[in-house]
Amino acid sequence: MVNDLLKKVLKYNPKADTKLIKKAYEFAYSAHTDQYRKSGEQYILHPLSVAEILADLEMDTSTIEGALLHDVVEDTSVTLDEVRKEFGEEVAGLVDGVTKLGRIKYKKSEEAQVKNLRKMLVAMAKDIRVIMIKLADRLHNMRTLSHLGTEKQQMKAQETLEVYAPIAHRLGIHQIKAELEDLAFVNLYPKQYAEIVHLVAERSEKRETYIQNVIEALKAELKKAKVKADLSGRAKHYYSIYKKMVEQHREFDDIYDLVAVRVIVDTIKDCYAALGVVHSMYKPIPGRFKDYVAMPKLNMYTSIHTSVVGPEGRQVEIQVRTHEMHKTAEYGIAAHWRYKEKEKGKDQFEERLAWLRQMLEWQSDVKDPREFMEALRIDLLENEVYVFTPQGQVLSFPRGATPIDFAYTIHTDVGNHCIGSRVNGRIVPLEYGLKSGDTVEIITSKAAAKPSRDWLNLVKTTKARNKIKHWFAKEEKKESQQLGRDMLQKAIRKQGLSIQKVMHQEMLAFMAKEYNYNTTEDLFAGIGTGIVSAQQVTTRMMHKLTGKEPAETAPAEAEKITQPRRPPTGAAGVVIQGLTDVLIRLARCCNPVPPDKIVGFITRGRGVTVHREDCSNVKDLMKEKDRFIEVIWSEKLPAAFPVEVKVDAMDRTRLLRDITTVLGEYKINILSASVVVGKDSMAATRLTFEVGNIDLLNDILISLKKVEGVFDAYRVVPGS
């Protein structure tokens, strides 16, 4: 099994000492001899696969040995001293570093993540090869993730996306970063992943033909200009497509760099010559030119990017780089490790690692580990911004966050009473986008300030959004409570009763309990929103005072609207055996449809309400078991029943039109429709429409799933 690994190493390093690699393999094979992975494979296949991934990155022989031995101290009886004795201090140091990283447990809390990431990056700064082995280890584990339980798969995928992929990106190892992201993507969001794969495959042939035509035209012009170049197409990986759609709120068809043309030349001089040829052929798009040769990225990436208007007026991205730049773009820091072995170009290598060396210096100077980590995270995670409070505390926010996000992070009251902000001592509008390094101060006013609904379109953090929604919900409840109180008082006066005599605390508490409310304020809110009729409550109050049975009263206007009465005796398609002339209504919370299993619940004054057996409200009603009654579907069913369906899709123009067109083809009557688009550009469409039976509903759901961009369509489960 080790022979394929040795061949790979000898291909890029003919002078490699393969005896030591073979010795490391045999040592690991012996140590893991009785161990098997969850897949049932021999355990030795894992360290061997990790070593092969690193050989593909052309890492030095010590790293290959360390990869083969990386689990022997952690998972077997072998000690670090034994490894040191057999393979030397350098390899032992790598194994020790990987072993310590293996003991770091992923936790969701920010403080735990900061602490763990700090340990990882300190180890990386000590010897970068430790993290290289760890990345290869994680990559192979992600490739074989299906053998773990669902919960563990989710945890590993989340950790990969939040920790390991950003590190691979920061080290410039695009090859590993892209695969880690796609493997995490398919585990965390399988439906979105499948839809992206479908969209890419659906248009691939046409797109590849177009790109090939561009390549052939460019080849001819470069040959005329005597610029030697290799040209190829570069496909964007699936997670990066999804991320672009989400972050830039773009539809799939609006992403023009799904495939870019890559031009690889011999020298930097040729890069600019090739760029001149490209711009002479196609018109460059303003603002879409980036020269990472003159100004390399922090992760060592160097290349020239330009977007042009290609044939048929379509945008095309073209990347120009040398062969060495290309190797760096794919393998990042690993592409330069060979300099360490040859001692050639060592200064250049050290210069490219300057940011990491700086981390080591900071480690000795900075006493507060959290402060050290914040500085490091600014460098590592480019999609976050880090700002200071006036007291010097560092807070992190997603890119695009505003002073409103900052205010709610400080305290809910600060957010609710925010009227303005100062950034770096200067007054800025509340829609200002925070930048790393900003010092933010919030201006408040308890007298005049309150949240605005417009803020919901400005904030980026979930905390701020939830706090703003909570404030409005609370205010609306207060208004409903006051309106309900006024309506009840008006109904009492209409009956000629004394407000003081009827609306005392004991009576109100009794009425709240009668209508299943916890407090009298909740009862008032129920009246104010039309859930409970003020006339009904007044009638029951009179019954309580006089002891006489209340006469049948007409429902209030609000009740007529929100709770339409159905004709009795099975008009809802349901029969109560042995009873006739009973008001029956289908519960709106679960909208039962034949042949759903159903139960009946005897309500106060509104007949029998029919729920699905699995309705979440049935569980809440179980405390009054004696009010349940057996019901069955009638043989004479109505022509249609209302059902609620949810359609999850990637947001795009004409999405709702295409969904309703499907329903139109089935001649379906739509009762209501709503679409909510989240921060992630995912559209959740809820539809209520009428169907005759479950079979028809299943056919409709299958057709809805075929709509472009839709990755799921399902009947709403009670409580969802």
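What counts, and at which threshold
Residues numbered from 1 in each chain as written. Predicted model: local features only at pLDDT ≥ 70, side-chain atom pairs only at ≥ 80, totals over all residues. Heavy atoms only, no water. Helix = DSSP H or I, 4+ residues; strand = E, 2+ residues; numbered from the N terminus. Contact = heavy atoms within 4.5 Å. Areas by Shrake-Rupley, 256 points an atom, 1.4 Å probe, with all protein chains shown as cover. Expected span 1.5 Å × (residues − 1). Buried < 20%, exposed > 50% of the residue type's maximum accessible area, 1.4 Å probe, protein only. Axes fitted to C-alpha atoms, helices over the stretch in contact; angles between N-to-C directions. Left-handed = near helix turned anticlockwise from the far one by under 90°. Nonpolar A, V, L, I, M, F, W, Y, C, P; charged D, E, K, R; others polar. Salt bridge = Lys/Arg side-chain N within 4 Å of Asp/Glu carboxyl O. Pairing = 2+ DSSP bridges. Phe/Tyr/Trp six-rings, centres within 6.5 Å; stacked < 30°, edge-to-face > 60°. Lys NZ or Arg CZ within 6 Å of the ring centre and 35° of its normal. 1 Å grid on protein atoms, 1.4 Å probe; cavity = no way out; pocket = protein on both sides within 12 Å on 5 of 7 lines; lining within 4 Å. Points joined across faces, edges and corners; volume = space filled by probe spheres on them. pLDDT = per-residue confidence, 0-100. Core = buried A, V, L, I, M, F, W, Y, C linked by side-chain atoms within 4.5 Å. Arc of directions from axis to C-beta.

Asker: I tried to follow the overall build of the chain on my own but got confused; where do I start?
Answerer: Of the regular secondary structure elements, the chain holds 29 helices and 20 strands. In the chain, the proportion of contacts linking residues at least 24 apart, taken out of those at least 6 apart, comes to 64%. Summing over all exposed atoms, the chain offers an accessible surface of approximately 37,100 Å²; the carbon and sulfur share of this is 50%.

Asker: Looking at this model, I keep getting lost on helix H25 (residues 534–546). Mind explaining?
Answerer: Each α-helix winds once per 3.6 residues, and so residues spaced three or four apart point in a common direction. With 13 residues, H25 should cover 18 Å at 1.5 Å per step; its first-to-last C-alpha distance of 18 Å lies within 8% of that length. Those residues of H25 not exposed but buried are Ala534, Val537, Thr538, Thr539 and Met541. Each element contacted by the buried residues of H25 is listed here: helix H21 (462–494), helix H22 (499–502), helix H23 (505–514) and helix H24 (520–528).

Asker: It is not clear to me how the packing of helix H8 (residues 128–143) against helix H10 (residues 174–188) should be interpreted in this structure. Could you clarify?
Answerer: Each pair of packed helices can be described by the angle between their axes along with the distance between the axes. For the pair H8 and H10, the least separation of the axes is 10 Å and the interaxial angle reads 35 degrees. The two elements H8 and H10 cross, and the hand of that crossing is left-handed. Two secondary-structure elements touch here, H8 through Leu135, Arg138, Leu139, Met142 and Arg143 and H10 through Ile176, Glu179, Leu180, Leu183, Ala184 and Asn187. Residues belonging to the contact of H8 with H10 are distributed by class as follows: seven nonpolar, one polar and three charged.

Asker: For this particular structure, what's the right way to read the pattern of salt bridges?
Answerer: Proximity of charged atoms lets side chains of opposite charge pair with each other. Under the counting rule described, the total for this entry stands at 21 salt bridges. Between Glu221 and Lys224 there is a salt bridge, with its nearest N and O atoms 3.4 Å apart. One end of the pair, Glu221, and the other, Lys224, are both in helix H11 (residues 190–224), three residues apart, so they sit about a helical turn from each other. Residue Glu221 is classed as partly exposed on the basis of its relative accessible area, which comes to 29%. The shortest N-O distance in the salt bridge between Arg314 and Glu312 comes to 4.0 Å. A residue is classified by how much of its surface remains accessible, and Glu312, at 68% relative accessible area, is exposed. Taken together, the shared-partner salt bridges in this structure form one network comprising Asp60, Glu90 and Arg129.

Asker: Please explain the sheet that holds strand S18 (residues 669–677) as it appears in this structure.
Answerer: Remark on secondary structure: sheet strands pair via backbone hydrogen bonds, oriented parallel or antiparallel. Pairing within the open sheet is antiparallel, and its four strands lie in the order S18-S19-S17-S20. With partners counted over all chains shown, the strands left at the sheet margins are S18 and strand S20 (710–715), one partner each. For this sheet, the mean angle separating the axes of adjacent strands, direction not counted, is 15 degrees. The pairing of strand S17 (residues 641–650) with strand S19 (residues 682–691) spans 10 bridges and is classified as antiparallel. Residue pairing in the sheet places Phe641 in a bridge with Val691 of S19. Across the sheet, helix H28 (residues 655–665) is in contact with S17, S18, S19 and S20; its angle to S19 comes to roughly 25 degrees.

Asker: Would you take a moment to explain the environment of Val246 for this structure?
Answerer: Counting through the fold element by element, Val246 comes out in helix H12 (residues 238–247). Residue Val246 is classed as buried on the basis of its relative accessible area of 14%. Separated by 404 residues in the primary sequence, Val246 and Met650 have C-alpha atoms spaced 8.8 Å apart.

Asker: Looking at this structure, I do not really get the pairing of strand S4 (residues 304–309). What am I missing?
Answerer: In the case of a regular strand, side chains alternate between the two sheet surfaces. For S4, a buried count of five out of six residues is recorded, marking the element as mostly surrounded by other parts of the structure. Two elements, strand S3 (residues 283–291) and S4, share five bridges in a ladder whose sense is antiparallel. In the strand pairing of S4, Lys290 is matched with His305. Note: S4 against strand S5 (residues 315–322), six bridges, orientation antiparallel. Among the inter-strand pairings, Ser307 is bridged to a residue of S5, identified as Glu317.

Asker: Hey, could you run me through the packing of aromatic side chains in this one?
Answerer: Centre-to-centre distance and the angle between the planes together describe a pair of aromatic rings. Inspection of every chain in the model, using the stated rule, returns 12 aromatic pairs. With a centroid separation of 6.2 Å and 40 degrees between ring planes, the pair formed by Phe397 and Phe406 is classed as tilted. Grouping aromatic residues by their ring pairs yields a cluster made of Phe185, Tyr189, Tyr193, Tyr238, Tyr239 and Tyr242. Of note, Arg453 hangs over the ring of Phe472, and the distance from its end group to the ring centre comes to 4.2 Å.

Asker: Please explain empty space enclosed by the protein as it appears in this structure.
Answerer: In this approach the atoms are scanned with a rolling probe the size of a water molecule, which exposes any empty space left behind. Under the defined criterion, the tally for this structure stands at two cavities of 30 Å³ or more. Considering only enclosed or pocket space, the second largest cavity measures out at about 60 Å³ in volume. As for the second largest cavity, its lining consists of Arg588, Cys589, Cys590, Asn591, Arg612, Val643, Glu644, Arg715 and Val716. When grouped by side-chain class, the residues that make up the lining of the second largest cavity number four nonpolar, one polar and four charged.

Asker: Hey, could you run me through unusual backbone geometry in this one?
Answerer: Negative phi is the rule for most residues except glycine; trans is the rule for most peptide bonds. The phi dihedral of Glu58 falls on the positive side, at around 60 degrees, and the residue is not glycine. With respect to the element layout, Glu58 can be found in the loop between helix H3 (45–56) and helix H4 (61–69). On the basis of relative accessibility, which here comes to 24%, the residue Glu58 falls in the partly exposed class. For Glu312, which is not glycine, the phi dihedral falls at a positive 65 degrees. Here Glu312 is to be found in the loop between S4 and S5.

Asker: How should I be thinking about the confidence of the model for the chain in this particular structure?
Answerer: Regions with low pLDDT carry predicted coordinates that are not meant to be interpreted in detail. Taken as a whole, the chain shows an average pLDDT of 78; of its residues, 80% reach a score of 70 or greater. Low confidence marks residues 338–352, where pLDDT is under 50. Its contacts with residues over four positions away, or in another chain, come to 20 contacts. In the model, residues 357–382 has pLDDT below 50 throughout and makes 45 contacts with residues more than four positions away in sequence or in other chains.

Asker: How should I be thinking about the sheet that holds S5 in this particular structure?
Answerer: Pairing is mixed across the open sheet formed by five strands, whose spatial order is S1-S2-S5-S4-S3. Bordering the open sheet on either side are strand S1 (229–235) and S3, each of which pairs with just one other strand. Neighbouring strand axes in the sheet, compared pairwise and without regard to direction, differ in orientation by 20 degrees on average. Along the sheet face, helix H13 (residues 268–281) touches strand S2 (259–265), S3, S4 and S5 and points at about 10 degrees away from the line of S4.

Asker: Can you help me understand the environment of Val618 in this one?
Answerer: Here Val618 shows up in helix H27 (residues 616–621). Between the alpha carbons of Val618 and Val599 there is a distance of 8.5 Å; along the sequence they are 19 residues apart. Look past the residues within four positions of Val618 in its chain and what remains in contact with it is Val599, His611, Arg612, Glu613 and Phe628.

Asker: Explain the nonpolar core here, please?
Answerer: Nonpolar side chains tend toward joint burial in soluble globular proteins. Leu5, Leu54, Leu69, Val83, Leu135 and Ile176 are the most contacted members of the largest nonpolar core, which has 71 residues in total. Judged by nonpolar contacts, the second largest core, of 32 residues, contains Ile576, Val643, Phe689 and Val710.

Asker: Looking at this structure, how should I read the side chain of His140?
Answerer: Looking at the secondary structure, you find His140 in helix H8. The class for His140 is buried, based on a relative accessible area of 9%. Not counting residues up to four positions away in its chain, the partners in contact with His140 are Arg37, Leu45, His46, Ser49, Val50 and Ile53.

Asker: Would you mind going over H13 with me for this structure?
Answerer: Helix length check: H13, at 14 residues, gives a terminal C-alpha distance of 20 Å against a target of 20 Å (1.5 Å per residue), a fit within 8%. Every buried residue of H13 is listed here: Asp270, Cys271, Ala274, Leu275, Val277 and Val278. The buried side chains of H13 occupy one side of the element, clustering within an arc of 160 degrees when seen end-on. Across from the buried face of H13, at angles greater than 90 degrees, the exposed residues are Lys269 and Ser280. Buried residues in H13 make contact with H11, S2, S3, S4, S5 and helix H14 (323–331).

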